[in-house]
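Residues per chain, in single letters:
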Amino acid sequence: MQRTLLTIVLSLVAGFAGAAAFTYSGLGDRQVERYLLANPELLPRVVAELEKVQAQERLASAGMDIFKPFDGAILGNPNGKHTLVKFTDYNCGYCRASAEEVQKLLAADPELKVIIREWPIFGGSDKVAALALAATRQGKYEAFHQALFAGGDTSEAGMAAAAREVGLDLEKLKADAASPQIAYELNRNTQWAQELGFTGTPSWIAGGRIIEGAVPAETLAEAIAGGDSGGGSGAGGK
């Protein structure tokens, strides 16, 4: 593990300094390695910087459209100054748990908008994701999104119960869910997730950082604030 970290660090140093400058300085790989072994506290900091650089590169590759929500697939303030992007699946237990963390963030920050990218990766999730996006056509995405997670039942009966709970026209919902625009959105979300290197749900973009897994609200809030203060890209923080 230590050798792997050293390889990463040496690559980072060479990348930042440039091959010519690195050679001119007289610092060979062995010298840098000896220095880092003598100062191991530097390793986490340098690796964290490398991860930040890689995240920025992947976000740049994905493009700015990733911060443009599908119709009304937003939680919180649609015009908020702070942005969090969540890739999620209704059949994911960790996503259900993280929904509560998102609510904490929304309660604490009236300027927060959470862009939901429906990414159905579990069996049977395609249909519920399409229905959720279809709820935007009736102006009830946020309510339906929350009802689905609160109910925890994505069977036909469970989805219908959640739709009735928030006052959706179920027949219209089903018809809208079959639209090519929704199919395109789900496919695009999958492509973005792959470009960003996500391995599962939930996954996040916060303050220019890429974060995977169920994390506490405090971690997400710190990342969002870091982006706002210049610690990440403007795209992710604003």
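Look a little higher up for the structure.
About the criteria used
Counting restarts for each chain, with residues numbered from 1 along the sequence as it is written. Restriction of local features to residues with pLDDT of at least 70 applies here, the model being predicted, together with a cutoff of 80 or more for giving and counting side-chain atom pairs; totals for whole chains, interfaces and linings are based on all residues. Water and hydrogen atoms were dropped before computing side-chain values, which therefore reflect all heavy atoms in the structure. Here's how the labels work: a residue is buried when its accessible area is under 20% of the maximum for its type, exposed when over 50%, partly exposed in between, all with a 1.4 Å probe on protein chains only. Helix and strand definitions follow DSSP, with helices as H or I runs of at least four residues and strands as E runs of at least two, each counted in order from the N terminus. Directions pointing from the helix axis toward each C-beta atom define the arc. Between two residues, a contact is recorded if the distance between any of their heavy atoms is within 4.5 Å. N or O atoms closer than or at 3.5 Å make up a polar contact, with two conditions inside protein: a donor-capable atom paired with an acceptor-capable one, and, for residues adjacent in sequence, both atoms drawn from side chains. Put simply, a nonpolar core is a bunch of buried Ala, Val, Leu, Ile, Met, Phe, Trp, Tyr and Cys residues held in one set by side-chain atoms that sit within 4.5 Å of each other. Charge counting follows a simple rule: Lys and Arg are positive, Asp and Glu are negative, and His as well as the terminal groups are ignored. The rule for a salt bridge is simple: a side-chain nitrogen of Lys or Arg has to be within 4 Å of a carboxyl oxygen of Asp or Glu. Strand pairing follows a simple DSSP-based rule, namely that at least 2 bridges must link the two strands. Interaxial angles span 0 to 180 degrees and are taken between N-to-C directions of axes, which are lines fitted to C-alpha atoms, for helices over the stretch in contact. Grid points spaced at 1 Å and placed over the protein atoms alone form the basis of the search, with a cavity being a set where a 1.4 Å probe fits but cannot get out and a pocket an open set showing protein on both sides within 12 Å along at least five of seven lines. Lining residues have an atom within 4 Å of a point. Grid points are joined across faces, edges and corners, and a volume is the space filled by probe spheres set on the points. Side-chain classes follow a simple rule in which Ala, Val, Leu, Ile, Met, Phe, Trp, Tyr, Cys and Pro form the nonpolar group, Asp, Glu, Lys and Arg form the charged group, and the remainder, Gly included, forms the polar group.

Trainee: Residues and numbers for helix α9 (residues 170-177), please.
Mentor: Listed in full, the buried residues belonging to α9 are L173, D176 and A177. Down the axis of α9, the buried set is contained in an arc of 100°. They therefore lie on one face. More than 90 degrees from the buried face of α9, the exposed residues found are E171 and A175. Where α9 is buried, its residues contact α6 (125-134), α7 (141-151), α8 (156-165) and α10 (180-195). Put simply, D169 is the residue that caps the front of α9, since its side-chain oxygen is 3.2 Å from the backbone nitrogen of E171.

Trainee: Break down the nonpolar core for me, citing the residues and quoting the values.
Mentor: Among the nonpolar cores identified, the biggest contains 44 residues, and L84, V114, Y141, F144, L148 and L173 are the most heavily contacted of them. Element by element, the count of residues in this core is highest for α6, at seven residues. With residues near it in sequence (within four places) discarded, L148 still touches Y90, V128, A132, D153, M159 and A162. Counting 15 residues, the second largest nonpolar core, distinct from the first, contains V85, W192, A193 and L196.

Trainee: Residue-level account of the side chain of D89, with values.
Mentor: Within the secondary structure, D89 is located in the loop between β2 (82-88) and α5 (93-108). Although buried, D89 forms no salt bridge, and the nearest oppositely charged side chain, R96, lies 7.6 Å from it. Of note is the side chain of D89, whose polar atom sits 2.6 Å from the backbone nitrogen of I121. Other than its neighbours up to four places away in sequence, D89 contacts C95, W119, P120, I121, F122, S125, F149 and T201.

Trainee: Got a sec to walk through the sheet that holds strand β3 (residues 112-118)? Specific residues and values, please.
Mentor: Judged by pairing direction, the sheet is mixed, and its five strands sit side by side in the order β1-β3-β2-β4-β5 without closing on themselves. If you trace the sheet from one side to the other, it starts and ends with β1 (74-76) and β5 (209-212), each paired once. Put simply, the sheet's adjacent strands are angled 20° from each other on average, direction ignored. Bridging between β1 and β3 involves three bridges; their strand directions are antiparallel. The residue bridging I74 from the neighbouring strand is I115, located in β3. This element, α7, spans β1, β2 and β3 of the sheet and lies at about 85° to β1.

Trainee: So what about the layout of surface pockets? Which residues, and what values?
Mentor: Here the second largest pocket is characterised by a volume of approximately 170 Å³. Residue lining of the second largest pocket: L75, K86, R96, A99, E100, V102, Q103, I116, H145, Q146, F149 and A150, and that is the complete set. Across the lining of the second largest pocket, the residue classes break down as six nonpolar, three polar and three charged.

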